[in-house]
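Observations on the three-dimensional arrangement
Okay, here's what each chain looks like letter by letter:
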Amino acid sequence: MKVVFSLTSMTRRVAPFLDLLAQKPNADALADVATSGSYGDLQDKPELGSAAAAETTDFATAAEGALADTALQPTTGVVRLPTFAYASIASGLTDVQRVFVEDRRAHFARVDSEPAHDVAFENEGWWALDELTVTPFMAGAAGDGVTDDTNAVKAIVGFAYLLGATIYWPDANFLTTESIPNFHDVKNTGPGRILRGDDVWYITPSVTAQINRLYVDGATGNDASDGLSADCALATGQAAADHLARKVPLSNGTYEIKIAAGQYARIRLPDEGLASRNPIRIIGAPVAVAAGFDIGFLASDLVGTFAPSETVTCSGGAVLTVLSVMGRLVIARIESGVPAIGETVAGGTSGATALLDYVSPRPRTLIKEGATQTAFGLRLAEGTKVWLEDIQFEDFNGSISSSGIYAADRCYVGGRNVWIEDCYIGVAGLGTSVLDFDGGIFNDFGYLNSVTLGGYGVRAHFHTPYVFGSQNAGTRAGGPLLINGYIAAFGQEHTNGHLDWCLIEDCATAIRLNINSRLNTDGSRVRRCGTVFWATNGTSITPGANFELGTGADENYRAYWSGGGSASGDLFSEFSVAYAASDRCIMRRGGNPLQTIATTAPNTIYSLTALANIFRDLYVSNMPAKAVRFEVYARLNGANSNKRFHLRLGGTPLASLTFSASDTGDCRVTAGITFAGPGQQMAYIEGIRHQGGIRNGIGPGSNAMTSNTAVSITASVDNTSDSIEILGYAFHASGA
């Protein structure tokens, strides 16, 4: 093989030797070898290997057999060219196979034909970039953030895409003005940045505040675009998700999919997970409670019915056009002004009036594919983390697993102002996932094919914690509102949840727990639901002091329904207690004695206050009634008069029994009240002495339970010479 040197380089290397030769008077003064170049003229020469001693014209190769045993195998030399522009006109490259272009900081090699990419030049044939890891500088980028590097970036990405090379982006700013084809299909590394208008794409974000944003616009976008700016948007959210999936693991920065107003198909993130340090943000078009935007508002204290297309006016001056009405949820467009919670609103043609009790801006970004879809609007799995804002999911109700949002296996999904409309399950999480939402509206959920009941607004399953609303918010203005559904929130199998400062209205069941699950709820309000708490199989519900149940026209049918399991909460003002369908003892005391009663006026043995919202159930046939029961252990002393026991509700005796003067010694009194509905109580009292003999009494009750009411058992004697010693008592509750 021959080595070719440039003339300039050879001259620079030979010049010092020529100067030395010029200092000699003549060639005779030189050693023989200096003029002959013969190896044989060297003095004290070393022994050579067989290949070198042969003095062949070219170096030997391995194919030449034994002569190659000690031969040197040199590589082809590399000519250095100063600039890419000079490379196409440089001379002396006929026998050269590879050159280094200094301003491109890269090697170029001779190729047989014109390459399919643009990082090449022509000079006595074609030369192409010859590197496995490339940079934008190799395609001519300036990287100064001012010069338009679009063509250079396109060229280097095109090269990497065709040949599978990795692009290293140095710590520089590469300004682009157009979409870069195949940008997301190549491997990009390094600290560099791509500038596009006001947007910056960080090749390797280093902090959370560095946001890489992909734009989606169904009206103007194209999935062949790179999505790095709004004017180069993608057409679908799925394309944006697929691009992020090629970049896993996502680094320390924040990745965001920004979706413009419009209707879009479902988004499915990778089944194997999409690892990221921070949640991937999926953000809808901006919305506000302001003129020109749509809102949903809760019409409390409703009189009449609002009508679509009518103009209504708020007491603060805002003017709205009603778009649709479903029960107490009204969707309207703000024509002028700003409606505020607490204002009254009056209809123009309908004459309806209501209190604005909750207001939420309606998202303009809609994930929907048509009616009764058997799918998920958004699906994530295997540790993927997602945060949502200002997005509505609609009509995913074609099967019992259809959900607006579905997260499985160690995922996190949260959001603000997320709307759910007519989905069988609004948000579903299982397998130690985490659900975290505030704001927004969940409406018309839990209906299979929009007809058959059975689903949930929120479903947490298998060790999935969930948080809806904001703890310690102090106001329900932040929502969310769950309305017009089957079961608003359902936790099953070791879930732990918080439902704080939320609004739940017009649902068959507000909160359902099953199998060793737990829920804390404070500040939330439940109105007009069939059941407020339905808890079974070792579950626990703890309402806080600010928890509120509807009264009057907003009353719920039933507050607690245990159905064989357990719930807990403040059923009585004195305790937070466990309460079950099976009989459970809440209080037991004993002494020697605890109390001695020797008066003709009734003395209270034990009393507690039943909370009205809990015991005022609107009874229906398939719900068991609540009941309370007393047990009193006493000793009857003296034979001068009768000894009396009374079971009271609100001070009024519902049932009484009388031991005669001759009844003495130890006895047990059992008394109970069954609450069958407002104004419907049934009471009994029964006594038995150690020597035999039963005394009893029964009576109905008609207490409406509109306020907290004392439940008590009392005793008295007709002659103060006699007495009743109270040895112990117990209090039981059942039938939640």
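Residues numbered from 1 in each chain as written. Predicted model: local features only at pLDDT ≥ 70, side-chain atom pairs only at ≥ 80, totals over all residues. Heavy atoms only, no water.

**Observations concerning the overall build of the chain**
As a reminder of what qualifies: The secondary structure listing takes helices from DSSP runs of H or I that are at least 4 residues long and strands from runs of E that are at least 2 residues long, numbered from the N terminus. Residue exposure ignores everything except the shown protein chains as possible cover, and the areas themselves are Shrake-Rupley values with a 1.4 Å probe.
For the chain, the helix and strand inventory stands at seven helices and 58 strands. Here the chain displays about 31,600 Å² of accessible surface, and carbon together with sulfur accounts for 50% of that area.

**Concerning the sheet that holds strand β6 (residues 133-134)**
The following threshold applies: For two strands to count as paired, DSSP must find a minimum of two bridges between them.
The strand order β6-β8-β10 describes an open sheet built from three strands, whose pairing is parallel. Only two strands of the sheet have a single neighbouring strand rather than two, namely β6 and β10 (187-189).

**Regarding unusual backbone geometry**
Following Val-248, the chain continues to Pro-249 via a peptide bond in cis, the omega torsion being -5 degrees. Inspection of the secondary structure assignment puts Pro-249 in the loop between α6 (237-245) and β14 (254-259). A positive phi angle, near 65 degrees, is found at Asn-182, a position not held by glycine. Examined against the element boundaries, Asn-182 turns out to sit in the loop between β9 (173-175) and β10. With a phi angle near 60 degrees, Thr-432 is a residue other than glycine that sits in the positive phi range.

**Describing the packing of aromatic side chains**
Here a ring pair, both rings aromatic, is described through the centre-centre distance and the interplanar angle of the planes. Our working rule: The criterion for an aromatic pair is that two Phe, Tyr or Trp rings (for Trp, the six-membered ring) have centres within 6.5 Å, with stacked assigned to planes under 30 degrees apart, edge-to-face to planes over 60 apart and tilted to the rest. Relative accessibility decides the category of a residue: with a 1.4 Å probe and only protein chains considered, values under 20% of the type maximum give buried, values over 50% give exposed, and everything between is partly exposed. Whether a charge lies above a ring is judged from NZ of Lys or CZ of Arg, which has to be within 6 Å of the ring centre and within 35 degrees of the ring normal.
Under the definition given, this model contains 20 aromatic pairs. Residues Phe-121 and Trp-127 carry aromatic rings whose centres are separated by 5.7 Å and whose planes lie at 5 degrees to one another, so their mutual orientation is stacked. Both residues of the pair, Phe-121 and Trp-127, count as buried. Through pairs of rings, three or more aromatic residues link up here, namely Phe-137, Trp-169, Phe-174, Phe-183, Trp-201 and Tyr-255. Across from the ring centre of Phe-84, 3.8 Å away, lies the NZ or CZ of Arg-104, which sits over that ring. Taking NZ or CZ as reference, Arg-512 lies 4.0 Å from the ring centre of Trp-534, over its face.

**Brief notes about the environment of Asp-103**
Here is the rule we go by: By definition in these notes, contact holds between two residues if any of their heavy atoms fall within 4.5 Å.
By the secondary structure assignment, Asp-103 is in the loop between β2 (98-101) and β3 (106-111). The spatial distance from the C-alpha of Asp-103 to the C-alpha of Met-138 is 8.0 Å, given a sequence separation of 35 residues. Residues in contact with Asp-103, not counting those within four places in the same chain, are Pro-82, Thr-83, Phe-84 and Phe-137.

**So, the side chain of Asn-484**
Going by this rule: As used in this structure description, the phrase polar contact means that two N or O atoms lie within 3.5 Å; if the pair is within protein, one of them must be able to donate a hydrogen and the other to accept it, and residues adjacent in sequence are counted only when both atoms belong to side chains.
For Asn-484, the position within the fold is in the loop between β36 (481-483) and β37 (487-492). A distance of 3.1 Å separates a polar side-chain atom of Asn-484 from the backbone oxygen of Met-326. Residue contacts for Asn-484: discarding those within four places in its chain leaves Met-326, Leu-329, Asn-443, Asp-444, Phe-445, Tyr-447, Glu-505, Asp-506 and Cys-507.

**What to know about the environment of Ser-206**
Relative to the helices and strands, Ser-206 resides in the loop between β12 (199-202) and β13 (211-216). On the accessibility criterion, Ser-206 (43% relative accessible area) is partly exposed. The spatial distance from the C-alpha of Ser-206 to the C-alpha of Ser-251 is 7.1 Å, given a sequence separation of 45 residues.

**Here we look at helix α5 (residues 150-163)**
Here is the rule we go by: Each residue after the first adds 1.5 Å to the expected span of a helix.
For α5, spanning 14 residues, the distance from its first C-alpha to its last is 20 Å, which sits close to the expected 20 Å at 1.5 Å a residue. Of all the residues in α5, the buried ones are Thr-150, Ala-152, Val-153, Ala-155, Ile-156, Val-157, Phe-159 and Ala-160. For α5, the elements touching its buried residues are β5 (126-129), β6, β7 (144-148), β8 (166-168) and β9. Among the residues trailing α5, Gly-164 stands out with phi positive, at a value near 75 degrees.

**Brief notes about the sheet that holds β7**
Worth spelling out the cut-off: A fitted line through C-alpha atoms represents every axis, and for helices the fit uses only the stretch in contact; the resulting angles, taken between N-to-C directions, go from 0 to 180 degrees.
Taking strand neighbours across the sheet as the criterion, the four strands line up as β7-β9-β11-β12 in an open arrangement whose pairing is mixed. In the strand order of this sheet, the two ends are held by β7 and β12, each with one partner. Mean inter-strand twist for the sheet, computed between neighbouring axes without regard to direction, equals 25 degrees.

**A word on the pattern of salt bridges**
The test is simple: Any carboxyl oxygen of Asp or Glu that lies within 4 Å of a side-chain nitrogen of Lys or Arg is treated as forming a salt bridge with it.
Summed over the entire model, instances satisfying the criterion amount to 32 salt bridges. With a shortest N-O distance of 2.6 Å, Glu-256 and Arg-213 are connected by a salt bridge. Highlighted residues: Glu-256 in strand β14 and Arg-213 in strand β13, separated in sequence by 43 residues. Across the salt bridge formed by Asp-357 and Arg-525, the nearest N and O atoms sit 2.7 Å from each other. With Asp-357 in strand β23 (residues 353-361) and Arg-525 in strand β42 (residues 525-527), the pair connects residues that are 168 residues apart, well separated along the chain. The exposure classification of Asp-357 matches that of Arg-525, with both residues buried. One continuous salt-bridge network, built from bridges that share partners, spans Asp-357, Glu-505, Asp-506, Arg-525, Arg-527, Arg-528 and Asp-554.

**Quick look at the confidence of the model for the chain**
The test is simple: For every residue, the predictor reports its confidence as pLDDT, a number between 0 and 100.
Looking at the chain as a whole, its pLDDT mean stands at 87, while 84% of the residues score no less than 70. Contacts for the low-pLDDT stretch residues 1-25, under 50 throughout, to residues beyond four places or in other chains number eight contacts. For residues 564-570, every residue scores under 50 in pLDDT, and the model assigns this stretch 42 contacts once sequence neighbours within four places are set aside.

**As for the nonpolar core**
Where we set the bar: In this text, buried Ala, Val, Leu, Ile, Met, Phe, Trp, Tyr and Cys residues form a nonpolar core when linked through side-chain atoms within 4.5 Å.
In terms of nonpolar packing, the biggest core is built from 138 residues, with Val-99, Phe-108, Leu-378, Leu-388, Ile-504 and Phe-645 touching the most fellow members. Here the element with the most residues in this core is α5; it accounts for seven residues. Excluding residues that lie within four positions of it along the chain, Leu-378 makes contacts with Ile-267, Leu-269, Ile-282, Val-386, Leu-388, Phe-393, Gly-404, Ile-405 and Tyr-406. The next biggest cluster of nonpolar side chains, apart from the first, holds 17 residues, and it includes Cys-314, Ala-318, Leu-320 and Leu-356.

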